[in-house]
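Residue strings, one per chain:
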Amino acid sequence: MRTLVLSVVLACGGPTAIPVTERVTVPTNMQDAGGDPPADAKKASMLSAKFKSGPGEFPIPADADDGTQMLGKDVTFQIPRARDAVHKELVDYIKTQGYTVESEQLYMGGYRMEISRRDGKTYSVSVTENEAASTLMTVTAK
């Protein structure tokens, strides 16, 4: 019996691989079908949803409180997030909105910035650590 099974397997030769001889051509002149917007546009859209208008129309993080009027034109907002995260998000956003950071320094636990807008309006902005997970942002519209 074993010899019969062995002779059948040897006679049939077992399974064989079928070679692929068909070639597929991919067109290179495809036009954009209106899918996802570019990554920069997506990022700008996501960031704009995270901001609201503050003093002198300066963008304030959407999770900031309503602000407290200080001396002169200063308005201070409390934001329930860490200082560095707030600072990075703010700087990334304002650059997409036509603002320029004219000067910036890390001083006394916070970032001090002089910022200008395309139309010439200027702002002094301070992003300071309040607690480990809390930030104070003071904006002075000049």
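Relevant structure appears above.
Everything in this summary refers to the structure shown in the same document. No experiment lies behind these values; they were computed from the predicted model shown. Along each chain, residues carry numbers from 1 onward, in the same order as the chain's sequence is written. Where local features are concerned, this predicted model is filtered to residues with pLDDT of at least 70; where side-chain atom pairs are given and counted, the filter is 80 or more; whole-chain, interface and lining totals use all residues. Each side-chain value is worked out from all heavy atoms of the structure, with water and hydrogens disregarded.

Digging into the overall build of the chain
Part 1 of the reasoning: Helix and strand labels come from DSSP, where a helix needs a run of H or I of at least four residues and a strand needs a run of E of at least two; each type is numbered from the N terminus. Across its full length, the chain holds three helices and eight strands.
Part 2 of the reasoning: When the elements of the chain are put in sequence order from the N terminus, they spell out α-α-β-β-β-β-α-β-β-β-β.
Part 3 of the reasoning: Each residue's exposure class comes from its accessible area (1.4 Å probe, protein chains only) as a fraction of the maximum for that residue type: buried when under 20%, exposed when over 50%, partly exposed otherwise. Within the chain, buried positions represent 28% of all 142 residues.
Part 4 of the reasoning: In what follows, a contact means two residues having at least one pair of non-hydrogen atoms within 4.5 Å. The long-range share in the chain, meaning contacts at least 24 apart out of those at least 6 apart in sequence, stands at 41%.
Part 5 of the reasoning: Computed by Shrake-Rupley with a 1.4 Å probe, the accessible areas treat only the displayed protein chains as cover when residues are assessed. Only carbon and sulfur atoms are counted for the fraction: they give 56% of the accessible area of the chain, which is about 10,100 Å².

Comments concerning the packing of aromatic side chains
Part 1 of the reasoning: Any Phe, Tyr or Trp ring, taking Trp's six-membered ring, that has another such ring centre within 6.5 Å forms a pair; planes under 30 degrees apart are called stacked, those over 60 apart edge-to-face, and the others tilted. What the rule picks out here adds up to four aromatic pairs.
Part 2 of the reasoning: For the ring pair phenylalanine 58 and tyrosine 123, a centre distance of 4.9 Å and an interplane angle of 50° mean the geometry is tilted. Here phenylalanine 58, found in the loop between β1 (51–53) and β2 (59–61), pairs with tyrosine 123, found in strand β7 (residues 122–131); they are 65 residues apart in sequence, far enough to count as distant. Each member of the pair phenylalanine 58 and tyrosine 123 is classed as buried.
Part 3 of the reasoning: Centre to centre, the rings of tyrosine 99 and tyrosine 123 are 6.1 Å apart; their planes meet at 50°, and the pair counts as tilted.

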